[in-house]
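# Close look at the chain arrangement
One-letter residues, chain by chain:
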Amino acid sequence: MSYSTFNRKQFDSMKEPMFFGENVNVARYDQQKHPIFEKLIEKQLSFFWRPEEVDLSSDRKDFQKLEEHEQHIFLSNLKYQTLLDSVQGRSPNVALLPIVSLPELETWIETWSFSETIHSRSYTHIIRNIVNDPTKIFDDITVNKEITKRADSVSVYYDRLIEMVSLYNTLGLGTHHVPEHGDIEISMRSLKKALYLTVASVNVLEAIRFYVSFACSFAFAERTLMEGNAKIIKLIARDEALHLTGTQHMLNLMASGKDDPEMAIIAQECKEEMRNIFVEAAEQEKDWASYLFKDGSMIGLNAQILGQYVEYITNVRMQAVGLDTAFETKHNPIPWINAWLVSDNVQVAPQEAEISSYLVGQIDNDLSESDFDDFDL
Amino acid sequence: MTTLTSNKPDKIRDKVHRVLLGKKQILVTEDEPLLVQLEREGIHVEYQCREGYCSSCSIKLLWGQVEYPFEPLAWVQSGYMLACCAIVKSDIEIAFFSD
């Protein structure tokens with residue numbers, strides 16, 4: 001029940017479910033119930049980058065030349081991205097670490113969350129470089145009604161799960177009265193349901209909400225504006241593609257019942273609710289698109305096109321987690337986004353590539369006897 | 001190595017296979033993944049990572065056999081395939097999720 005940082009019980013972690021089993025004790029990866037999570041960790045580590053590597057000096061000049069309504073689009077989009085990563089930089093840790101039961105998944109959650117903190121640091125790097133007073137922009141995130149509306153919808157499932165898990169950890173199963181929140185029923189079933197819906201809403205955040213914001217960032221770069229920003233967003237998009245694969249695996253493993261048979265029943269029960277999470281998020285994103293373009297659109301993107309993209313990407317993501325698609329839009333209205341999203345032309349620093357002169361203590365093991373033929377002592 | 005098979009029997013194991021997509025038919029080889037070969041034919045497929053971890057290029061595999069030279073990181077739904085890293089191993093029929 002109550003969380004322990006080093007569970008003293010002896011148990012076989014290969015038989016534990018992903019969540020709500022025993023608290024993890026030994027961080028060991030020699031045996032893994034779901035090896036996919038370690039593969040995701042390795043991939044994420046291979047992606048490591050720092051925002052300071054990207055030069056933004058021309059973005060400052062570009063930004064000053066933007067029309068006022070374009071500056072509004074750019075800054076609002078950046079504020080939204082800042083909000084999303086503020087949530088993602090902490091919430092997987094706070095919500096999921098107290099209930100995770102597999103060492104490889106625990107470490108994936110930490111690795112995942114850490115990479116989101118790099119994204120948060122990127123936004124500060126960008127904002128510092130393009131405006132004189134970053135304070136105004138950051139302060140607006142907690143005040144601006146359009147942004148706070150989004151904050152509610154991205155944090156509501158996390159917050160509910162965190163509240164329920166903390167009640168479970170302190171008071172155990174049962175119905176507990178919480179001042180100002182009323183009676184809250186804590187059963188294993190209700191906890192698992194809250195978890196499933198949280199993972200679904202995180203998948204929506206990473207697989208839909210982020211992509212809508214990427215579309216805006218890349219629309220500027222399509223016009224050869226704010227290209228340093230686009231380079232950073234490209235690195236962020238590469239990370240997010242991996243994160244959404246992580247949540248898709250969690251959702252699909254849960255729904256399959258292979259990990260925890262009760263979770264399959266819950267996934268079935270929650271199907272309609274999960275569908276609603278996707279559809280509601282899509283509607284919210286379309287409203288957001290109208291807010292972005294309220295004072296005018298930009299070449300290549302307007303509220304209508306962005307709305308179509310929202311519908312399209314929502315369909316794609318719903319299909320990926322086994323839901324029927326919800327919208328009519330069948331084709332990507334902004335196919336140029338793929339060229340920006342593609343990761344294979346992301347520049348890799350020499351020290352990360354296998355260039356031996358850059359690697360510390362590099363030893364070339366691929367030698368044969370004949371390599372020493374011209375060597376005389 | 002992952003293999004997806006269907007109940008349709010293998011045709012002659014040639015190096016060139018037919019890919020059916022609606023009324024279109026194209027010929028592909030086993031030398032490259034399906035995605036690049038579809039693109040060369042002017043067929044637009046969604047993509048992002050092009051190395052099997054993002055699942056953007058997930059398309060329906062109605063029948064036929066494909067193989068992955070390495071296990072992709074993305075979850076592959078049953079009845080679907082990842083075009084970016086799948087090698088076509090028999091005649092196949094594919095469809096986009098929206099069809």
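Residues numbered from 1 in each chain as written. Chains lettered and ligands numbered in written order. Predicted model: local features only at pLDDT ≥ 70, side-chain atom pairs only at ≥ 80, totals over all residues. Heavy atoms only, no water.

- If you check an unreviewed UniProt entry, chain B appears there as Ferredoxin from Marinomonas spartinae.
- If you open the UniProt record of chain B and go to Sequence similarities (unreviewed entry), you find "Belongs to the 2Fe2S plant-type ferredoxin family."
- The UniProt entry for chain B carries the following text under Cofactor (unreviewed entry): "[2Fe-2S] cluster". (UniProt positions renumbered as here; feature names shortened; annotations may be inferred.)

- Looking at an unreviewed UniProt entry, one finds chain A named ribonucleoside-diphosphate reductase and attributed to Marinomonas spartinae.
- In its Cofactor (unreviewed entry) section, UniProt records this for chain A: "Fe cation".
- Its UniProt record gives chain A a comment under Sequence similarities (unreviewed entry), which states: "Belongs to the ribonucleoside diphosphate reductase small chain family."

### A look at the interface of chain A and chain B
- Every contact between the two is made by 34 residues of chain A and, on the other side, 21 residues of chain B.
- Seen at the junction of chain A and chain B, the total is 1 salt bridge.
- For Lys-43 of chain A, the salt bridge identified is with Glu-51 of chain B, shortest N-O distance 2.6 Å.
- At the boundary of chain A and chain B, one finds 10 residue pairs in polar contact (both at pLDDT 80 or more).
- Among the elements of the structure, α1 (36-46), α8 (227-256), α11 (303-320) and α12 (337-341) of chain A are those that each provide at least two residues to the side of chain A that touches chain B.
- A total of 10 residues in the side of chain A that touches chain B trace back to one element, the largest contributor, which is α8 of chain A.
- Taken together, the residues that form the side of chain A that touches chain B break down as 17 nonpolar, 11 polar and 6 charged. (Contact = heavy atoms within 4.5 Å. Salt bridge = Lys/Arg side-chain N within 4 Å of Asp/Glu carboxyl O. Polar contact = N/O pair within 3.5 Å; in protein donor to acceptor, adjacent residues only side chain to side chain. Helix = DSSP H or I, 4+ residues; strand = E, 2+ residues; numbered from the N terminus. Nonpolar A, V, L, I, M, F, W, Y, C, P; charged D, E, K, R; others polar.)

### Description of the pairing of strand β4 (residues 58-63) of chain B
Residue and element names in this part refer to chain B.
- In the sheet, β4 pairs with strand β6 (residues 80-82) via 3 bridges, with the strands oriented antiparallel. Bridging across to β6, Ser-58 finds its partner in Leu-82.
- Both β4 and strand β8 (residues 92-95) contribute to a ladder of 3 bridges, which runs antiparallel. Bridge pairing in β8 places Leu-61 opposite Ile-94. (Pairing = 2+ DSSP bridges.)

### Some details on the pattern of salt bridges
- What the rule picks out here adds up to 25 salt bridges over all chains.
- Note that Arg-50 of chain A is salt-bridged to Glu-53 of chain A, the shortest N-O span being 3.8 Å.
- You can call Arg-50 of chain A partly exposed: its relative accessible area is 43%.
- Across the pair Glu-30 of chain B and Lys-89 of chain B runs a salt bridge, and its minimum N-O distance is 2.9 Å. Here Lys-89 of chain B lies in the loop between β7 (87-88) and β8 and Glu-30 of chain B lies in the loop between β3 (24-29) and α1 (34-40), a separation of 59 residues in the sequence.
- With a relative accessible area of 13%, Glu-30 of chain B lands in the buried category.
- Overlapping salt bridges bring together Arg-189, Lys-192, Asp-260, Glu-262 and Glu-269 of chain A as one network. (Buried < 20%, exposed > 50% of the residue type's maximum accessible area, 1.4 Å probe, protein only.)

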